[in-house]
Amino acid sequence: MSLGKLADIDRRVFYWILFVALMVPFLSPIGFPITIAPNTQDLYDGITGDEVNEGDVWIVNFGYGVSAWSECHPAVTVCTKALFREGAKIIFTGIHVDLELTYNKLRDTCSEDFADKVYGEDYVFLGYMTGGESVVAQLASNIKSVYPADHFGTPYDDIPMLEGVVDHSDIAGVLSSDTGDYGGHFMTQWQGAYGSKVAEIGIAMNGSTDLPRWQAGNFFGVSVGSRGGAELELLIGELGEATTAMDSISVSHLLLILAIIIGNIGVLTEKLGGKK
Amino acid sequence: MSDILKREVVYAITGIITVLMLLEYFFFDTSQAWAEALRTWAVIIYNISLFLGAIRLSIAHSVRIQEKRRDWQYSGILMAIFVIQLLTGLAAYITTGVATNNGIYNWLFNYVYTPLGATLYPITGFYIFSAAYRAFRARNIDAALMLIAGCLVMLKNAPVGEAIWIGFATLGNWVQFTAQVPGMRTLAIVGALGLIAFGFRALLGKERGFYAGGGE
């Protein structure tokens, strides 16, 4: 096969190569070392130690659905564990129709931490909200007006943990985990307007949008994709799904670079050979 | 009269509400009751639009099924699941107060929606792999720079990059934290300025698309 033909390989060949290559780390984990990015370290520092007082109320917003579990969920799991272990109380909200699945998965992945917590006293699942940036703004000024009751129908006033929790001033911090830009909405309507602590747990694609916001101080920390989740797992000392996925990320990224190189060798050979 | 209702009244409502919300955001330290009421209305209207969307979706797919258009079977599956979820969810809500207290409703979510959702996103990885080979070609200096930057960030994100050469992390961090940030900030600022300009044009009635009358 001439080098020029490298520019014209059937796409199915690549699908099979990737499929087979991704099997390898699952069958035989490699375990490359991981270093901690400063944005992830800031996120972890912001939800642990002196930054969190016992009894603080935090919001964890599920801005991702089932399709982004692999990218967002490990980081949300670590953050939930860290906040619970600091004695914080958590309000869970979400903007995806499947957020109950995500909430149930979180209860599963943090089962040991949920075990000694009482629903309604240590955490509450307020459920689905819709309304884009307007509802995030309204949440800042009056949480009860957005959620007159929790997901299971218990009136807001009957939930002990929410007694005295009225608006942004009663919330110690917000962790928004997104495939979209609800983190940006919290930044504008909470951090920008009232100076609330906001951090973002985004899919890898959101990194380029979120990192400048972290550098500017709008987000106190940012976790980027599965890699961010793996870094957080390392920080809390409990390796999980994201760490397992890192080997696959390594293999797929290497193959991607290899594909780019092969494609360009083919093009270069064609150019040098004068073929159009 | 209808023209006044369609245009001037809509312009006036939009203008008044915009000015009120801007005033509350920039000139009050605490949230104002009148602003809260307006935001509540915005959320209500947003929810109504979801309801209208569901009705519109069901009408569109019903027509496709009736006329047996191309791939109408998919519309049939969509409508069947739509009706099942709606009825089981409503039944559970009426009887228990929680829409998800229904076996069929949960089964469809857990064993149909979840695997499909979890599969859909990773499948894009295969397309990206193939697309990277076919589309990421260094045909000129700009494309070459983009390719190099992309590869550096990939090697920085994947732990294998640092295992190959520790310098990939440094280079990738420089691209991600130093080189791309000015570009993204510029985009954000220019986008915000554009939004302000768009807002003013909308307030002045010059952006007719905003009022759903762009084509008229």
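You'll find the structure just up there.
Everything numeric here is computed off the predicted structure, so don't read it as measured data.

Asks: How do you make sense of the overall build of chain B when you look at a structure like this?
Replies: Counting secondary structure elements, chain B contains seven helices and zero strands. For chain B, the N- to C-terminal ordering of α and β elements is α-α-α-α-α-α-α. Taking all 216 residues of chain B together, the buried fraction comes to 26%. Partitioning the intrachain contacts of chain B with sequence separation of at least 6 by distance along the chain shows that 15% fall at a separation of at least 24. Put simply, chain B shows about 14400 Å² of open surface, and 72% of that area lies on carbon and sulfur atoms. In chain B, the 16 positive side-chain charges and the 11 negative ones have mean positions that sit 11 Å from each other.

Asks: Help me out: how do you make sense of the overall build of chain A in this one?
Replies: On a plain count of helices and strands, chain A comes out with 11 helices and six strands. Its C-alpha atoms put chain A at 75 × 35 × 35 Å along the principal axes. Per-residue burial for chain A yields a buried fraction of 58% across its 276 residues. Excluding contacts between residues fewer than 6 apart, the proportion of contacts in chain A whose partners are at least 24 apart in sequence is 73%. When the accessible surface of chain A is split by element, carbon and sulfur atoms take 56% of a total near 11100 Å². On chain A, the mean spot of the 16 positive side-chain charges and the mean spot of the 35 negative ones are 15 Å from each other.

Asks: Honestly, helix H2 (residues 38–46) of chain A in this entry has me stumped. Any pointers?
Replies: Along an α-helix, residues three or four apart share an orientation, since each turn contains 3.6 residues. Burial in H2(A) covers these residues: Asn39(A), Thr40(A), Leu43(A), Tyr44(A) and Gly46(A). Buried residues in H2(A), looked at end-on, bunch into an arc of 165 degrees, giving them a common side.

Asks: Explain the interface of chain A and chain B to me, please; I cannot follow it from the model alone.
Replies: When the parts of a complex come together, some accessible area is lost, and that lost area is often taken as the interface size. The partner chain B presents 51 residues to the 67 residues of chain A that form the contact. A combined buried area of about 5100 Å² lies between chain A and chain B, and 67% of that area is made up of carbon and sulfur atoms. Considering only the side of chain A, the residues that lose the most area to chain B are Tyr15(A), Leu256(A) and Ile260(A), jointly responsible for 11% of the buried surface there. Viewed at the interface, chain B and chain A are joined by one salt bridge. Its salt-bridge partner being Glu162(B), residue Arg227(A) comes within 3.2 Å of it at the nearest N-O pair.

Asks: Just checking my understanding: could you explain the packing of helix H3 (residues 72–96) of chain B against helix H4 (residues 103–135) of chain B for this structure?
Replies: A pair of packed helices is captured by two measures, namely the crossing angle of their axes and the spacing between those axes. All names here are of chain B. The interhelical angle for the contact between H3 and H4, taken along N-to-C directions, is 135 degrees, at an axis separation of 8 Å. Considered as vectors, H3 and H4 are oriented oblique to each other. The element H3 and its partner H4 pack so that their crossing is left-handed. On H4, the residues touching Ile84, Gln85, Thr88 and Gly89 of H3 are Ile104, Tyr105, Leu108 and Phe109.

Asks: Quick question: what am I supposed to make of the sheet that holds strand S2 (residues 89–94) of chain A here?
Replies: Sheet strands associate in pairs through backbone hydrogen bonding, adopting either a parallel or an antiparallel arrangement. Residues and elements named next belong to chain A. Spatially, the six strands line up as an open sheet ordered S3-S2-S1-S4-S5-S6, and their pairing is parallel. Each having just a single partner strand, strand S3 (123–128) and strand S6 (222–224) make up the two edges of the open sheet. If you compare each strand with its neighbour and ignore which way they point, the axes differ by 15 degrees on average. Bridge analysis of strand S1 (residues 57–63) against strand S4 (residues 173–178) gives six bridges, and the strand direction is parallel.

Asks: Looking at this model, I keep getting lost on helix H8 (residues 182–194) of chain A. Mind explaining?
Replies: Spanning 13 residues, H8(A) covers 17 Å between terminal C-alpha atoms, matching the ideal 18 Å at 1.5 Å per step. Bending of H8(A) peaks at approximately 25 degrees at the position of Thr188(A). On the buried face of H8(A), the contacting elements are S1, helix H6 (132–141), S4, strand S5 (198–202) and helix H9 (207–215) of chain A together with helix H1 (2–27) of chain B.

Asks: So what exactly am I meant to see when it comes to the environment of Met129(A) here?
Replies: Residues and elements named next belong to chain A. Its location among the elements puts Met129 in the loop between S3 and H6. Accessibility expressed as a relative area gives 2% for Met129, which makes it buried. Setting aside residues up to four positions removed in sequence, Met129 forms contacts with Asn61, Thr93, Gly94, Ile95, Val135, Leu139, Val146, Tyr147 and Phe186.

Asks: What is the right way to look at the nonpolar core in this model?
Replies: Nonpolar side chains in soluble globular proteins tend to end up buried together. Residues and elements named next belong to chain A. Grouped together as the largest cluster of nonpolar side chains are 39 residues, with contacts concentrated most on Phe62, Leu83, Phe92 and Leu175. Of all the elements, helix H3 (residues 69–85) adds the most residues to this core, at nine residues. Those residues in contact with Phe62 that sit more than four places away from it in its chain are Val76, Phe92, Thr93, Gly94, Ile95, His96, Leu99, Thr102, Tyr103, Leu106, Phe125 and Ser177. Counting residues in each nonpolar core, the second largest holds 33 residues, with Val57, Met161, Tyr182 and Val222 among its members.

Asks: Just to check I follow, could you spell out the side chain of Glu233(A) for this structure?
Replies: All names here are of chain A. Topologically, Glu233 is positioned in helix H10 (residues 225–236). Among buried Asp, Glu, Lys and Arg side chains, Glu233 stands out as unpaired, with Lys81 the closest opposite charge at 7.2 Å. In this structure, Glu233 is in contact with Pro74, Val78, Glu238, Leu239, Gly240, Glu241, Ala242 and Thr243, ignoring residues within four places of it in sequence.

Asks: Could you clarify how one ought to interpret a nonpolar patch on the surface in this entry?
Replies: Residue and element names in this part refer to chain B. Taken together, the side chains of Val19, Leu22, Leu23, Tyr25, Phe26, Phe27, Phe28 and Trp34 define a hydrophobic patch exposed on the protein surface, amounting to about 800 Å² of accessible area. Of the residues forming the nonpolar patch, the biggest block, six residues, is contributed by H1. Given the relative accessible area of 44%, Leu22 is considered partly exposed.

Asks: Whenever I open this one, the packing of aromatic side chains confuses me. Can you help?
Replies: For any pair of aromatic rings, the description rests on two quantities: the centre-to-centre distance and the angle between the ring planes. Residue and element names in this part refer to chain A. Under the definition given, this model contains 25 aromatic pairs over all chains. Here the aromatic cluster, defined as three or more aromatic residues joined through ring pairs, consists of Phe62, Tyr64, Phe84, Phe92, Tyr103, Phe114, Tyr119, Tyr123, Phe125 and Phe152. Its end group placed over the ring of Phe114, Arg107 keeps NZ or CZ at 5.2 Å from the ring centre.

Reading the values: the criteria
Residue positions within a chain follow its written sequence, with the count starting from 1. Lettering for chains starts from A, numbering for ligands starts from 1, and both go in the order in which the items are written. Thresholds applied to this predicted model are a pLDDT of at least 70 for local features of residues and 80 or more for the giving and counting of side-chain atom pairs; totals over whole chains, interfaces and linings are not thresholded and use all residues. Working from all heavy atoms in the structure, the side-chain values ignore hydrogens and water. Per the convention used, a helix needs a DSSP run of H or I reaching at least four residues, while a strand needs a run of E reaching at least two, with both numbered from the N terminus. Note on exposure labels: buried denotes an accessible area under 20% of the residue type's maximum, exposed denotes more than 50%, and partly exposed covers the range between, all computed with a 1.4 Å probe on protein chains only. Contacts were defined at the residue level, with two residues in contact if any of their heavy atoms lie within 4.5 Å. Per-residue and other accessible areas follow the Shrake-Rupley method at a 1.4 Å probe size, with only the shown protein chains counted as cover for residues. His residues and chain termini do not enter the charge count, which takes Lys and Arg as positive and Asp and Glu as negative. All charge positions are set by atom: Lys at NZ, Arg at CZ, Asp at CG, Glu at CD. The directions from the helix axis to the C-beta atoms are what the arc is built from. Buried area counts how much accessible surface, traced with a 1.4 Å probe, disappears from two parts once they are put together, with both parts' losses summed. Definition used for salt bridges: Asp or Glu carboxyl oxygen within 4 Å of a side-chain nitrogen of Lys or Arg. Only C-alpha atoms enter the line fits that serve as axes; for helices the fit covers just the stretch in contact. Angles between N-to-C directions range over 0 to 180 degrees. These descriptions rest on fixed angle ranges, namely under 35 degrees for roughly parallel, over 145 for roughly antiparallel, 65 to 115 for roughly perpendicular, and the rest for oblique. Two helices cross in a left-handed way if the nearer one is turned anticlockwise from the farther one by less than a right angle. They cross in a right-handed way if the turn is clockwise. A strand pair is defined by DSSP finding two or more bridges across the two strands. One less than the residue count of a helix, multiplied by 1.5 Å, gives the span that helix is expected to have. The angle between axes fitted to the seven-residue stretch ending at a residue and the seven-residue stretch beginning at it gives the bend at that residue. We define a nonpolar core as any set of buried Ala, Val, Leu, Ile, Met, Phe, Trp, Tyr and Cys residues linked to one another through side-chain atoms lying within 4.5 Å. Put simply, a patch holds well-exposed residues, over 30% relative accessible area, that have no salt bridge, with like charges counted together within 9 Å and Val, Leu, Ile, Met, Phe, Trp or Tyr side chains within 5 Å. Only the six-membered ring of Trp is used, alongside the rings of Phe and Tyr, when aromatic pairs are assigned; centres must lie within 6.5 Å, and planes under 30 degrees apart are stacked while those over 60 apart are edge-to-face, with the rest tilted. Comment: the charge-over-ring label is applied if NZ (Lys) or CZ (Arg) is within 6 Å of the ring centre and within 35 degrees of the ring normal.

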